[in-house]
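Reading the structure
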Amino acid sequence: MQLRIEPRVTTSIVIQGLAPIIAVTMTLVLGGILFAAMGYPPLETLWAFFIEPISTIYGASELLVKAVPLVIIATGLAIGFRANIWNIGAEGQLTIGAIAATGIGLYFPDQQAVYLLALMFLAGCLGGLFWAGIAAYLRARFHTSEILVTLMLTYIAALILSWLVRGPWRDPAGFNFPQTALLPPAGLIDPIDFAYRVTGSVYFAIFALIAMWFFVARSFQGYKLAVGGAAPRAARYAGFSEKSAIWIGLLTGGAAAGIAGFFEVAGPLGQLSPIISPGYGFAAIIVAFIGRLHPVGILLGGLFLALIYLGGESVQLGYGIPAPITRVFQGLLLFFLLASEFAVSHRIVRVKEAH
């Protein structure tokens, strides 16, 4: 008897919707088993990981702080993913966006200008655009793999950041710590409530989700990207430009990541340091797929991934569990998400041997 994997002819919409829920459930189950194997009470530890961090208003506000960059980046990436344009370097684009925004904030001649924040926003957006544009040009001109290029550019961006905060941009009054000076007041986003760290970036994240829905569901360009991703041959036959899809898919993701970088340095951080992101650019890829590239799903996925970040910090402080447990849960979630997606779209059939 032989087994063969083949694509399903049809798939149930209900099953497609259940796939992310199954992935989350399996992540929780295996996470509990992992905690038990490490010698921790599984139910108590899972409670501390997923419930305790948001049991207070402050905890819920911190959930929004971490969810905002994930949602913003994921909305940009999802547009490219719909066209099978795989931007894996949003982390680097976030970094360059943060660098560009900080540079304007620190070195613009008039640091009291009322439009300083707007200039920083524009710089962050253009920084992310430029970094993603390198990959877009190489893919469109030389047919290079945008996966490899965007990923490698992430490491270059990290090295640039490290050089700046340890060299020319290091704060002379910072006790030799690798960080820049604090941004001027005109370059900072005030919290919505000064008791918490949530800023107006929450409103921008909502706007990004609405704009993504409108682009995907109501614009002709969004339709062309979807056709190009689902049926490349049909898109070419219809005259849809493949290069246009490449540029739009990568630049949209780059701009979103750069804007997220701006919101991080102008909001909760207030300055540039070697670690401006705990991996938001990479985690946003999971957010996009757990949300099935849909705005509502991305919102829910962003909140769940943000909860994983909070939970990792909670069990690290409460139980002494190492910080990498956050990435373990992200990896488990991605694994089960891919496995559930595979089960939805493919099946294993038995092939009779010829006699």
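Refer to the preceding data block for the structure.
A few words now on the overall build of the protein. Along its length, the protein carries 13 helices and 2 strands. Taken against the 2.2 N^0.38 rule, which gives 20 Å for 355 residues, the C-alpha radius of gyration of the protein at 22 Å falls within 12% of a compact globule. With the principal axes as the frame, the protein shows a C-alpha extent of 80 × 60 × 35 Å. Here the protein, with 355 residues, has 48% of them falling under the buried criterion. Excluding contacts between residues fewer than 6 apart, the proportion of contacts in the protein whose partners are at least 24 apart in sequence is 78%.

Here we take up helix H11 (residues 280-290). Of all 11 residues in H11, 9 are buried; the element is thus mostly enclosed. Among all positions in H11, only Tyr280, Gly281, Ala283, Ala284, Ile285, Ile286, Val287, Ala288 and Ile290 are buried. Where H11 is buried, its residues contact helix H1 (13-37), helix H3 (57-82), helix H4 (90-107), helix H10 (242-269), helix H12 (295-319) and helix H13 (325-345).

Below, the discussion takes up empty space enclosed by the protein. What the rule picks out here adds up to 2 cavities of 30 Å³ or more. Volume-wise, the largest cavity comes out at about 70 Å³. Of all the elements in the fold, those that place two or more residues in the lining of the largest cavity are H3, helix H7 (201-218) and H10. Among the elements that make up the lining of the largest cavity, the one with the highest residue count is H3 (4 residues). Counted by class, the lining of the largest cavity contains 8 nonpolar, 2 polar and 2 charged residues. Of the pockets and cavities examined, the second largest cavity occupies roughly 30 Å³. At the level of elements, H3, H7 and helix H8 (220-230) are the ones that each hand at least two residues to the lining of the second largest cavity.

Below, the discussion takes up unusual backbone geometry. The backbone phi angle of Asn84 is positive, close to 60 degrees, even though this residue is not glycine. Following the sequence through the fold, Asn84 ends up in the loop between H3 and H4. Overall, Asn84 belongs to the partly exposed group, its relative accessible area being 34%. For His143, which is not glycine, the phi torsion reads 60 degrees and is therefore positive. Within the secondary structure, His143 is located in the loop between helix H5 (116-142) and helix H6 (146-166). For His143, a relative accessible area of 68% gives the class exposed.

Counting through the fold element by element, Thr154 comes out in helix H6. Not counting the four nearest positions on each side in its chain, Thr154 is found in contact with Gly89, Glu91, Gly92, Trp131 and Phe282.

On to the pattern of salt bridges, then. Within this structure, the stated rule accounts for 5 salt bridges. For Arg139, the salt bridge goes to Glu146, with nearest N and O atoms at 2.8 Å. Given the relative accessible area of 16%, Arg139 is considered buried. Ionic pairing is found between Arg292 and Glu341, a salt bridge with its closest N-O pair at 2.4 Å. Of this pair, Arg292 sits in the loop between H11 and H12 while Glu341 sits in helix H13; the two residues are 49 residues apart in sequence, bridging distant segments of the chain.

A contiguous nonpolar surface patch, about 450 Å² in accessible area, is contributed by Val14, Leu18, Ile21, Ile22 and Met26. Its location among the elements puts Leu18 in helix H1. A residue is classified by how much of its surface remains accessible, and Leu18, at 40% relative accessible area, is partly exposed.

To continue, consider the environment of Ile147. Looking at where Ile147 falls in the secondary structure, it is placed in helix H6. On the accessibility criterion, Ile147 (36% relative accessible area) is partly exposed. Remark: the alpha-carbon pair of Ile147 and Ile85, spanning 62 residues in sequence, is separated by 8.6 Å.

Tracing the backbone shows Gly39 in the loop between H1 and helix H2 (42-50). Along the chain, Gly39 and Leu337 lie 298 residues apart, while their C-alpha atoms are 27 Å from each other.

We now examine H5. For H5, built from 27 residues, the straight-helix expectation of 39 Å at 1.5 Å per residue is met to within 8% by its first-to-last C-alpha distance of 38 Å. Approximately 30 degrees is the largest bend angle found in H5, and it occurs at Gly133. Downstream of H5 by one or two residues, His143 has phi in the positive range, about 60 degrees.

Rules and cut-offs
- Residues numbered from 1 in each chain as written.
- Predicted model: local features only at pLDDT ≥ 70, side-chain atom pairs only at ≥ 80, totals over all residues.
- Heavy atoms only, no water.
- Helix = DSSP H or I, 4+ residues; strand = E, 2+ residues; numbered from the N terminus.
- Rg over C-alpha atoms; globule rule 2.2 N^0.38 Å.
- Buried < 20%, exposed > 50% of the residue type's maximum accessible area, 1.4 Å probe, protein only.
- Contact = heavy atoms within 4.5 Å.
- 1 Å grid on protein atoms, 1.4 Å probe; cavity = no way out; pocket = protein on both sides within 12 Å on 5 of 7 lines; lining within 4 Å.
- Points joined across faces, edges and corners; volume = space filled by probe spheres on them.
- Nonpolar A, V, L, I, M, F, W, Y, C, P; charged D, E, K, R; others polar.
- Salt bridge = Lys/Arg side-chain N within 4 Å of Asp/Glu carboxyl O.
- Patch = residues over 30% accessible without salt bridge, like charges linked within 9 Å, V, L, I, M, F, W, Y side chains within 5 Å.
- Areas by Shrake-Rupley, 256 points an atom, 1.4 Å probe, with all protein chains shown as cover.
- Expected span 1.5 Å × (residues − 1).
- Bend = angle between axes of the 7 residues up to and from the residue.

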